[in-house]
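An overview of the molecular structure
Here is how the chains run, residue by residue.
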Amino acid sequence: MTPPRDSHTLLDVQSLQVTFPGAAGMVRAVDGVSFTVAGGETVCLVGESGCGKSLTSLSLLRLVPPPGRIESGGHILFEGRDLLSLDEAALRSVRGRQMAMIFQEPSTALNPVLTVGDQIAEVVRVHTKCSRRDAWQQAVDMLAQVGIADAPARAKQYPHELSGGMKQRVMIAMALVLTPRLVIADEPTTALDVTIQAQILELLRELRARTDMALLLITHDLGVVAEMASRVLVMYAGRVVEEAPVAALFASPHMPYTEGLLRAMPRIDSAQVSDPDALPDRLVTIPGTVPAPDALPSGCTFRDRCAYAWDRCAREEPVLYQVGPAHRARCHLVQEPERRTPHAASTASREVAA
Amino acid sequence: MNTTPLLSVRGLTKHFPIRTGVLQRVTGAVKAVDHVSFDVARGETLALVGESGCGKTTTGRALLRLVEPTSGTVQFDGVDVLALKGESLRRMRRHMQIVFQDPYGSLNPRMTVGAAIREGLVVHKLAEGAEADRRVAQLLDEVGLRADHAARYPHEFSGGQRQRIGIARALAVEPAFIVCDEPVSALDVSVQAQVVNLLRDLQRARGLSYLFIAHDLAVVAHMADRVAVMYLGRIVELAPRAALFATPRMPYTKALLSAVPVPEPGAARARILLPGDPPSPVNPPSGCVFHPRCPHPLKDAACTRLVPPLEEKAPGHFVACIKEPPTSVPTP
């Protein structure tokens, strides 16, 4: 199932499983996720709240909050080394230095009692043998590189003195100061306004072009995906349900969930929006809501909300079927494409409230 | 048909005082909303958009008097809302409701959903006893929930369902006007679409007017008849939906629209990147509040001096920019 590893594979995740104790036994929040990230590539992990995308990204740095834990049986190979079998010291040398993380909320991820320059310099000093002065200089240079005007003065400020957009730039500077091979960004622009988001995405694109870093971007925003990704993984209820190069995913989604997400998203560029005489049509919806991880339906976890589902979907769990080069989808429709006609009953019936 | 606007807001201003020192002297003011004027017609959705801190939420609350405006007038169906006191203010609130962004934070966790919806009916003496129960069941059905949901508590519902409860509660008192304050921002895409459709269905069925406050321009494009763009406490552009999205005139609106990521891989983007962050509303720039970040080619010293009035540059299209010439639109 996993595509063959080529010489450029930087990260190779196999059968990752994260469980949490629930009322009725262990709940699998991430259930057998496998994917790869090649050097210099941008992979987007998309899905709605609770689909397991953030837990997947935290697992890569072994930061899953207890009582959650990564089950044995899976592997996270980073440049050929299995991160799940490293001891703390070896892991620390990977974190921050070769693999770094940018969090969604810069205001909670930054230390409020240290200046931002000190926080970046600390990263440098922990991982390299360099003087306090050199580390500080590297911090200031990095702040300038992420587009902070008057970096020497800003470096002496505390997080509360900076705006949200600037704090996110500081987070990015901290992640990139040691030029890691892989940067994991968990919803890096979700808390920001749209004009500031545009600045940050532009910055990430520019840094990626300059440094050849690989980027694993976790987001729920398909607009951000279209602008940033080379490859996309769509997650639903703890699993990857579709994986494709970005153009193929948007042009021909195979999994009905992906199709639903793409159609449910309101767009400002649709022709209806510029028709002055009528309000745009109703938005397409996905009925129902994401099932709780301890109450997943049998077979395909999406079947309750799917307009195409038939008896096979309840009986048999779909695997990730290959649908094209590097394009896979977890849906029986791949094998039985003639069934891709929505049920009259389900489309005519009233929307199920979510 | 009544063509006078349902809601008419003129020069609405809200300044929050800044107090400093042991004596808590007022040393300045946050100019959260500064001379905002607009109308909402019967059955219309006016969207108020802008980025965090632009004053859109304060505007919505000030006109319901959830925060007291500093100055200005609000006429609702011919009544001066800002002059009302006590019982008459309470009676007016029946006609003007609000749906909040965070439906969990706005529902009492110790009150069943049925009790929360029923409260408004009882307070306004619209129904009681079995009649109130019947109305609650009817409202739950109208927002796509089941009658038996009335006995449950807010924590038993998903985010989308809670937002439906918030809507049912607002509808209970049969208002003519609802302020929707970021009603879908906290919801996932698939659920967001359901709630947007619900709001539009209810509007059609009941002839409601909405002030739809949002930062997501794509949602606004699918909800609003007209759109007002706010920046630093002021409306900088106000236009019918199609005109605003197709031919924005204010440089800030253009930048805002161009910043929205388009879900189309490889699409060419003419993005206008604004430098820096919005300035503080404590000490807003002189003249046009947008001038320090403005990319308009004709920007000059006048922009730093003159406060641009919100002028009608094309029929129904109001722009606050002294460098934008009026256009004559050919009349058919």
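The structure this text deals with has already been given above.
Residues numbered from 1 in each chain as written. Chains lettered and ligands numbered in written order. Predicted model: local features only at pLDDT ≥ 70, side-chain atom pairs only at ≥ 80, totals over all residues.

Along the backbone of chain B there are 10 helices and 12 strands. Its C-alpha atoms give chain B a radius of gyration of 21 Å, within 12% of the compact-globule value 20 Å for 332 residues. By its C-alpha atoms, chain B is 70 × 60 × 45 Å across when sized along the principal axes. Of the contacts made within chain B by residues no fewer than 6 positions apart, 62% connect residues no fewer than 24 positions apart. (Helix = DSSP H or I, 4+ residues; strand = E, 2+ residues; numbered from the N terminus. Rg over C-alpha atoms; globule rule 2.2 N^0.38 Å. Contact = placed C-beta atoms within 7 Å.)

Another point: the pairing of strand 3 (residues 45-49) of chain B. All names here are of chain B. With respect to burial, strand 3 is a largely interior element, 5 of its 5 residues being buried. Strand direction decides the pairing type here: strand 3 and strand 9 (residues 226-231), joined by 4 bridges, are parallel. Within strand 9, the residue paired with Leu48 across the bridge is Ala228. (Buried ≥ 20, exposed ≤ 12 C-beta atoms within 10 Å, placed from the backbone. Pairing = 2+ DSSP bridges.)

This part covers the packing of helix 5 (residues 159-171) of chain B against helix 6 (residues 189-206) of chain B. All names here are of chain B. At a minimum axis separation of 10 Å, helix 5 and helix 6 run at an interaxial angle of 15 degrees. Classed by the angle they form, the pair helix 5 and helix 6 counts as roughly parallel. Classified by chirality, the crossing of helix 6 by helix 5 is right-handed. The residues of helix 6 that touch helix 5, namely those facing Gly159, Gly160, Gln163, Arg164, Ile167 and Leu171, are Val191, Gln194, Val195, Leu198 and Leu202. Residues of the contact of helix 5 with helix 6, tallied by class, amount to 6 nonpolar, 4 polar and 1 charged. (Axes fitted to C-alpha atoms, helices over the stretch in contact; angles between N-to-C directions. Parallel < 35°, antiparallel > 145°, perpendicular 65-115°, else oblique. Left-handed = near helix turned anticlockwise from the far one by under 90°. Nonpolar A, V, L, I, M, F, W, Y, C, P; charged D, E, K, R; others polar.)

The next point concerns helix 7 (residues 164-176) of chain A. All names here are of chain A. Compared with the 18 Å implied by 1.5 Å per residue over 13 residues, the 18 Å span of helix 7 between its first and last C-alpha is a close match. Counting buried residues along helix 7, 12 of its 13 residues qualify, which places the element largely inside the surrounding structure. Every buried residue of helix 7 is accounted for by Gly165, Met166, Lys167, Gln168, Arg169, Val170, Met171, Ile172, Ala173, Met174, Ala175 and Leu176. Looking at the packing, one finds that the buried side of helix 7 touches strand 7 (99-102), helix 3 (106-109), helix 4 (116-127), helix 5 (132-145), strand 8 (182-186) and helix 8 (194-211). (Expected span 1.5 Å × (residues − 1).)

On to the environment of A:Pro291, then. All names here are of chain A. Position of Pro291 among the secondary structure elements: in the loop between helix 11 (256-264) and helix 12 (311-315). Classification of Pro291 as partly exposed rests on a count of 16 C-beta atoms within 10 Å. In sequence terms Pro291 and Val126 are 165 residues apart; their C-alpha atoms lie 43 Å from each other. Once you skip the residues sitting within four places of it in the chain, Pro291 turns out to touch Ala237, Leu296, Pro297, Thr301 and Asp304.

Let's shift gears to unusual backbone geometry. The omega angle of the peptide bond from A:Pro66 to A:Pro67 is 10 degrees, so this bond is cis rather than trans. With respect to the helices and strands, A:Pro67 occurs in the loop between helix 1 (53-60) and strand 4 (69-70). Phi is positive for B:Glu174, close to 50 degrees, though the residue is something other than glycine. Position of B:Glu174 among the secondary structure elements: in the loop between helix 5 and strand 7 (177-181).

All names here are of chain B. In space, the 8 strands of this open sheet follow the order 6-7-8-3-9-10-12-11, with mixed pairing throughout. In this open sheet, the two strands that pair with only one neighbour each are strand 6 (96-99) and strand 11 (311-314). Neighbouring strand axes in the sheet, compared pairwise and without regard to direction, differ in orientation by 25 degrees on average. Contacting strand 6 and strand 7, helix 5 runs over the sheet at an angle of about 175 degrees to strand 6. Packed onto the sheet, helix 9 (residues 251-259) meets strand 9 and strand 10 (234-240) and runs at close to 105 degrees relative to strand 9.

Bringing the nonpolar core into the picture now. One broad rule of soluble globular proteins: the nonpolar side chains tend to lie buried together. Within the largest apolar cluster, 205 residues are counted, with the highest numbers of intra-cluster contacts made by A:Ala139, B:Ala47, B:Val220 and B:Val229. Here this core gathers at least three residues from each of two domains, domain 1 (108-179) and domain 2 (253-353) of chain A. Residues within four places of B:Val229 in sequence aside, it is in contact with B:Val49, B:Gly50, B:Ile235, B:Val236, B:Glu237, B:Met250, B:Tyr252, B:Thr253 and B:Leu256. (Core = buried A, V, L, I, M, F, W, Y, C linked by C-beta atoms within 7 Å. Domains from an automatic or database assignment.)

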